[in-house]
Amino acid sequence: SILPTTFNITVSILYAILLLVRMLGFAPHSYGTITDLSGNPLSYAVIHIKTAKGGTEIGRSVADEFGRYFCLLADNKYVFTIDRKNQDGTYTEVLTTAAITAKGGIVKKNFVV
């Protein structure tokens with residue numbers, strides 16, 4: 001029969017602790033949010049990402065049902081345009097930001113429109 005070694009037991013305990021910490025919500029989040037003035041999420045809003053110089057669109061992101069979005073970008077300055085999803089399925093532009101600097105590759109800005 002094979003008995004667990006001290007190393008295996010230690011790794012298993014550390015894994016269980018990290019899993020518990022993550023389940024309790026202490027994990028870092030890498031997303032931003034889009035909400036209205038009342039704090040309600042803008043579900044399925046579209047974020048257009050444009051270069052600050054020239055205004056060329058380089059990407060898009062779609063918020064989830066809770067208004068959360070994720071943008072992974074190179075370090076640079078960008079302008080974000082946000083389109084709200086209307087009840088009839090069309091979209092209306094609701095915000096164009098000033099230039100925002102992306103540092104560390106992730107934009108976690110919380111937009112209120």
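One numbering rule holds for all chains: residues counted from 1, following each sequence as written. Where totals are concerned, whole chains, interfaces and linings use all residues; where local detail is concerned, this predicted model gives features only for residues with pLDDT of at least 70, and gives and counts side-chain atom pairs only at 80 or more. With hydrogens and water excluded, all non-hydrogen atoms of the structure serve as input to the side-chain values.

**Q** I tried to follow unusual backbone geometry on my own but got confused; where do I start?
**A** For residues other than glycine, phi is negative in most cases, and the peptide bonds are mostly trans. Of note, Tyr44 is a non-glycine position whose phi angle comes to about 60 degrees, a positive value. Think of it this way: any DSSP run of H or I at least four residues long counts as a helix, any run of E at least two long counts as a strand, and we number them from the N terminus. Within the fold, Tyr44 resides in the loop between strand S1 (32–35) and strand S2 (46–51).

**Q** Would you take a moment to explain the sheet that holds strand S4 (residues 68–69) for this structure?
**A** Within a beta sheet, neighbouring strands are joined by backbone hydrogen bonds and run either parallel or antiparallel to one another. In this description, strands pair whenever DSSP reports at least two bridges between them. A sheet is described by the order of its strands in space; here three strands give the open sequence S4-S1-S10, paired in mixed fashion. Edge positions in the sheet fall to S4 and strand S10 (110–112), since each has one partner strand and no second. Both S1 and S10 contribute to a ladder of three bridges, which runs parallel. Across the sheet, residue Ile34 finds its bridge partner in S10, namely Phe111.

**Q** Can you help me understand the nonpolar core in this one?
**A** Proteins that are soluble and globular tend to have nonpolar side chains buried together. Residues grouped as a nonpolar core are buried Ala, Val, Leu, Ile, Met, Phe, Trp, Tyr and Cys residues, joined through side-chain atoms within 4.5 Å. Only protein chains enter the area calculation, which uses a 1.4 Å probe; residues under 20% of their type maximum are buried, those over 50% are exposed, and those in between are partly exposed. Counting residues in hydrophobic clusters, the biggest one holds 17 residues, and the most contacted among them are Ile34, Tyr69, Leu73 and Phe80. Of all elements in the fold, only S2, strand S6 (76–85) and strand S8 (100–102) reach the threshold of two or more residues within this core. Looking at this core, the element that brings in the most residues is S6, giving three residues. Note on definitions: a residue-residue contact is assigned when non-hydrogen atoms from the two residues lie within 4.5 Å. Non-local contacts of Tyr69, meaning those with residues more than four positions away in its chain, are made with Tyr31, Gly32, Thr33, Ile34, Ile47, Ser61, Ala63, Val107, Lys108, Lys109 and Phe111.

**Q** What's the story with the pairing of strand S3 (residues 57–62) in this structure? I'm lost.
**A** Put simply, side chains in a regular strand alternate between the two faces of the sheet. In this sheet, S3 lies alongside S2 in antiparallel orientation, the contact comprising five bridges. The residue bridging Val46 from the neighbouring strand is Val62, located in S3. What sits between the antiparallel neighbours S2 and S3 is a turn of five residues, in which Gly54 has the positive phi angle 95 degrees.

**Q** How do you make sense of the packing of aromatic side chains when you look at a structure like this?
**A** The pairing test for Phe, Tyr and Trp rings, Trp by its six-membered ring, is centres within 6.5 Å, and the orientation test on the planes gives stacked under 30 degrees, edge-to-face over 60, and tilted for anything in between. Tallied over the full model, the rule gives two aromatic pairs. On the numbers, 5.8 Å between centres and 45 degrees between planes, the contact of Phe80 with Phe111 is tilted. Taken together, the residues span a long stretch of sequence, with Phe80 in strand S6 and Phe111 in strand S10 at a distance of 31 residues. Take Phe80: its relative accessible area is 0%, and that puts it in the buried class. The exposure class assigned to Phe111 is buried, which follows from its relative accessible area of 3%. Within the aromatic cluster, the residues linked to one another by ring pairs are Tyr69, Phe80 and Phe111. Across the ring face of Tyr31, the terminal group of Arg68 is positioned such that the distance to the ring centre comes to 5.1 Å. Counted as over-ring charges are cases with an Arg CZ or a Lys NZ within 6 Å of the ring centre that also lie within 35 degrees of the ring normal.

**Q** Looking at this structure, how should I read a nonpolar patch on the surface?
**A** Like-charged residues are merged into a patch within 9 Å and nonpolar side chains (Val, Leu, Ile, Met, Phe, Trp, Tyr) within 5 Å, provided each residue has over 30% relative accessible area and no salt bridge. For accessible areas, the Shrake-Rupley method is used with a probe of radius 1.4 Å. Any residue's cover is judged against the shown protein chains and nothing else. Should a side-chain nitrogen of Lys or Arg be within 4 Å of a carboxyl oxygen of Asp or Glu, the pair is scored as a salt bridge. Residues Ile9, Ile13, Leu14, Ile17 and Val21 make up a contiguous nonpolar surface patch of about 430 Å² in total accessible area. Summarising the element assignment, Ile13 is placed in helix H1 (residues 6–23).

**Q** Teacher, can you tell me more about the pattern of salt bridges here?
**A** Two side chains carrying opposite charge are able to pair once their charged atoms lie near each other. Under the definition given, this model contains two salt bridges. Salt-bridge contacts for Arg60 lead to Glu57; the nearest nitrogen and oxygen are separated by 2.6 Å. Residue classification places Glu57 among the partly exposed residues on the basis of a relative accessible area of 34%. Here Arg68 and Asp64 are joined by a salt bridge, their closest N and O atoms 3.0 Å apart. When its relative accessible area of 30% is taken as the criterion, Arg68 is described as partly exposed.

All quantities given are derived from atomic positions and should not be read as evidence of function.
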